[in-house]
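Residues per chain, in single letters:
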Amino acid sequence: MQISSARLGDGLILRVEEPRIDAVVAIQFKESMRQATAQPGSPVILDMENVGFLDSSGLGALVAVMKLLGEERPLHLAALRPAVARVLRLTRMDSVFTLHDTVPGRVANPQDV
Amino acid sequence: MMVRSVPPSRPAPPALLAARLTASDQAEGARCVHHFGASPQATRSVLSDIEQALERCGVPASTRETIELVLAEVINNVVEHAYAERPGPVELRLRATAGAIDCVIIDEGTGMPGGKLPGGTRPSVGGALADLPEGGFGWSLIRDLTGDLSYRRTGGKNHLSFRIPI
């Protein structure tokens, strides 16, 4: 699964380049994230702008990644599309991940970083 | 696995697939039936077909998103549990009326444990990081988003039906 990366200060911004995180790709997503987070950076901010669909398999994969990173490297989610935001809200997982409306560094606003 | 749409048993006038439903269509409902082999990839294909058909029928985007999520969860359950990742046939029937989409999913796999629907309790997410659940969200999502959810097993087949309001 394609995930592109960029550093922003201490943080690592990972952009999911695929439109769905679902039962088809949940395992590959975990593996791709494991590889992408081998490089340093904290927090890890996952740019979800391309992701139009997340099911419970995809949500489980996000949780697995968050556990893999551990308490020392928080996993944030940014630019959630409505369908994806709703899954997080219904499952109450929106209180577990730190959420950003936009990807830090993407807008010319110093307070967003 | 082959994915094909089986057309309704009687010819559907173009109006059934148009944005506006006539009075008789509203009563009878635009119908479609899909037959496919259970697999995650086939699920994507069927969901895509249904999304396009519902868009043509004028169903709003947020409702289409709800239907896509519910069907994904239900079909994933069939793939993973009813068929335990083995191949098997799935029949999906949709009926769109002015107020709701009625769905029935039929498979020939193992029945629900205890012969009834899982309770669908939402997994608790308030604990330590290491204790966060990675699964078990599906049925609570399905229950959150559907009405008239019911299950029966008959003739060696599982029938799951529900309604999603438009």
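Just so we're clear, the structure is a prediction, and the values are computed from it rather than from any experiment.

**Describing the interface of chain B and chain A**
Now for step 1: Contact residues are listed per partner, giving 25 residues for chain B and 27 residues for chain A.
Now for step 2: Carbon and sulfur atoms make up 62% of the surface buried where chain B meets chain A, a total of about 2300 Å² over both sides.
Now for step 3: It is R44(B), L129(B) and E134(B) in chain B that bury the most area against chain A; as a group they hold 28% of the surface buried on that side.
Now for step 4: Between the two partners, chain B and chain A, sit three salt bridges.
Now for step 5: With its nearest N and O atoms 2.8 Å apart, the salt bridge here joins E68(B) to R20(A).
Now for step 6: For the interface between chain B and chain A, the tally reads eight residue pairs in polar contact (both at pLDDT 80 or more).

**Quick look at the nonpolar core**
Now for step 1: Grouped together as the largest cluster of nonpolar side chains are 73 residues, with contacts concentrated most on F29(A), L46(A), L75(A), F97(A), L71(B), L92(B) and F162(B).
Now for step 2: Counting residues per element, this core draws most heavily on helix α4 (residues 61-82) of chain B, at 10 residues.
Now for step 3: Residue contacts for F162(B): discarding those within four places in its chain leaves V70(B), L71(B), V74(B), I101(B), D102(B), C103(B), I105(B), T146(B), G147(B), D148(B) and L149(B).
Now for step 4: I13(A), A78(A), A79(A) and V103(A) belong to the second-largest nonpolar core, a separate cluster that totals five residues.

**Describing the sheet that holds strand β6 (residues 75-78) of chain A**
The pairing of strands in a sheet happens through backbone hydrogen bonds and is either parallel or antiparallel.
Residues and elements named next belong to chain A.
Now for step 1: Read across the sheet, five strands follow the order β1-β2-β4-β6-β7 without closing on themselves; strand pairing throughout is mixed. The sheet is open, and its two borders are formed by β1 (3-8) and β7 (98-100), each paired with just one other strand. Mean inter-strand twist for the sheet, computed between neighbouring axes without regard to direction, equals 25°.
Now for step 2: Note: β6 against β7, three bridges, orientation parallel. Bridging across to β7, A78 finds its partner in H100.
Now for step 3: Against the sheet, helix α2 (residues 56-69) contacts β4 (44-47) and β6, and its axis sits at roughly 140° relative to β6.

**Re the environment of D49(B)**
Residues and elements named next belong to chain B.
Now for step 1: Looking at the element boundaries, D49 is found in helix α3 (residues 40-56).
Now for step 2: Taking relative accessible area as the criterion, D49 reaches 31% and is therefore assigned partly exposed.
Now for step 3: Along the sequence, D49 and I105 sit 56 residues apart, while their C-alpha atoms lie 16 Å from each other.

**Quick word on the pairing of strand β2 (residues 11-16) of chain A**
All names here are of chain A.
Now for step 1: By the criterion of burial, β2 is predominantly enclosed, with six of the six residues buried.
Now for step 2: Where burial is concerned, the two faces of β2 agree: the one with G11, I13 and R15 and the one with L12, L14 and V16 are both buried.
Now for step 3: Hairpin connection between β1 and β2: a loop of two residues separates the two successive antiparallel strands, and G9 in this loop has a positive phi of roughly 60°.

**What about the packing of aromatic side chains?**
Now for step 1: What the rule picks out here adds up to zero aromatic pairs over all chains.
Now for step 2: Taking the ring centre of F53(A) as reference, the NZ or CZ of R20(A) above it sits at 4.1 Å.

**Some words on unusual backbone geometry**
All names here are of chain A.
Now for step 1: Cis peptide bonds are those with omega within 30 degrees of zero, and the linkage from S42 to P43 qualifies with 0°.
Now for step 2: With respect to the element layout, P43 can be found in the loop between α1 (26-36) and β4.
Now for step 3: Phi is positive for R92, close to 70°, though the residue is something other than glycine.
Now for step 4: You can see R92 is positioned in the loop between α3 (82-90) and β7.
Now for step 5: Its relative accessible area of 40% is what places R92 among the partly exposed residues.

**Focus: α2(A)**
Residues and elements named next belong to chain A.
Now for step 1: Along its 14 residues, α2 runs 20 Å from first to last C-alpha, staying within 8% of the 20 Å computed at 1.5 Å per residue.
Now for step 2: Counting buried positions over the 14 residues of α2 gives 12, a clear majority of the element.
Now for step 3: Within α2 the residues assigned to the buried category are S56, S57, G58, L59, G60, A61, L62, V63, A64, V65, M66 and L69.
Now for step 4: Looking at where α2 begins, the residue whose side-chain oxygen comes 3.1 Å from the main-chain nitrogen of S57 is D55.
Now for step 5: Phi for G70, located one or two positions after α2, is positive at around 80°.

Rules and cut-offs
Residues numbered from 1 in each chain as written. Chains lettered and ligands numbered in written order. Predicted model: local features only at pLDDT ≥ 70, side-chain atom pairs only at ≥ 80, totals over all residues. Heavy atoms only, no water. Contact = heavy atoms within 4.5 Å. Buried area = accessible area lost by both parts, 1.4 Å probe. Salt bridge = Lys/Arg side-chain N within 4 Å of Asp/Glu carboxyl O. Polar contact = N/O pair within 3.5 Å; in protein donor to acceptor, adjacent residues only side chain to side chain. Core = buried A, V, L, I, M, F, W, Y, C linked by side-chain atoms within 4.5 Å. Buried < 20%, exposed > 50% of the residue type's maximum accessible area, 1.4 Å probe, protein only. Helix = DSSP H or I, 4+ residues; strand = E, 2+ residues; numbered from the N terminus. Pairing = 2+ DSSP bridges. Axes fitted to C-alpha atoms, helices over the stretch in contact; angles between N-to-C directions. Phe/Tyr/Trp six-rings, centres within 6.5 Å; stacked < 30°, edge-to-face > 60°. Lys NZ or Arg CZ within 6 Å of the ring centre and 35° of its normal. Expected span 1.5 Å × (residues − 1).

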